[in-house]
Amino acid sequence: MAKMTLEDLRKMRDEKRKILDRRDVSDKNFVVIVGMGTCGIAAGAKKIFNAFFDEIGKHKELGHVTVKQTGCMGFCNVEPTVDIKVAGMADTIYGKVDVEVVKRIVSDHIIQKKVVSDHVIDKPSIVKG
């Protein structure tokens, strides 16, 4: 195994800090929650979780978005599932999320505040302020 340089260690530290910052909820008003119960993981939720990190990371203006995980959301038949919580919009749960849907959720729901209707599985009628 090759020895790591100080620069390698700094790079690794900076990458891990970015990941930790993306998962921190303080001072953030957008929350993406990926269902990571057994059924979600089996359906590819880890890939979806990573896709949100990658896609949000492409947009510097999305520093206010948190990506978290949770256990089973109870929608096992439409895994992977993602819950989006945005200030001023109703909480929305998406099902059958793949990498292309992740891109649409980021561009449409998070950036433009438009729901990606064809993947909504649960959308309450109450908008939280």
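Residues numbered from 1 in each chain as written. Predicted model: local features only at pLDDT ≥ 70, side-chain atom pairs only at ≥ 80, totals over all residues. Heavy atoms only, no water.

Q: Explain the state of the cysteines to me, using residue names and the numbers behind them.
A: Summed over all chains, the structure comprises zero disulfides. Here Cys-39 stays unpaired: no disulfide links it, and the sulfur of Cys-76, its closest cysteine neighbor, is 3.3 Å away. The class of Cys-39 is partly exposed, set by a relative accessible area of 24%. No disulfide involves Cys-72; its nearest neighbouring cysteine sulfur is the one of Cys-76, lying 3.7 Å away. A relative accessible area of 47% places Cys-72 in the partly exposed class. (Disulfide = S-S within 2.5 Å. Buried < 20%, exposed > 50% of the residue type's maximum accessible area, 1.4 Å probe, protein only.)

Q: I'd like a rundown of the sheet that holds strand S2 (residues 65-70), residues and numbers included.
A: Strand order in the open sheet made by the five strands is S2-S1-S3-S4-S5, with mixed pairing throughout. If you trace the sheet from one side to the other, it starts and ends with S2 and strand S5 (120-122), each paired once. Averaged over all pairs of adjacent strands, the angle between strand axes in this sheet comes to 30°, irrespective of strand direction. The sheet contact formed by strand S1 (residues 30-35) and S2 spans six bridges and is parallel. Bridging across to S2, Phe-30 finds its partner in Val-65. (Pairing = 2+ DSSP bridges. Helix = DSSP H or I, 4+ residues; strand = E, 2+ residues; numbered from the N terminus. Axes fitted to C-alpha atoms, helices over the stretch in contact; angles between N-to-C directions.)

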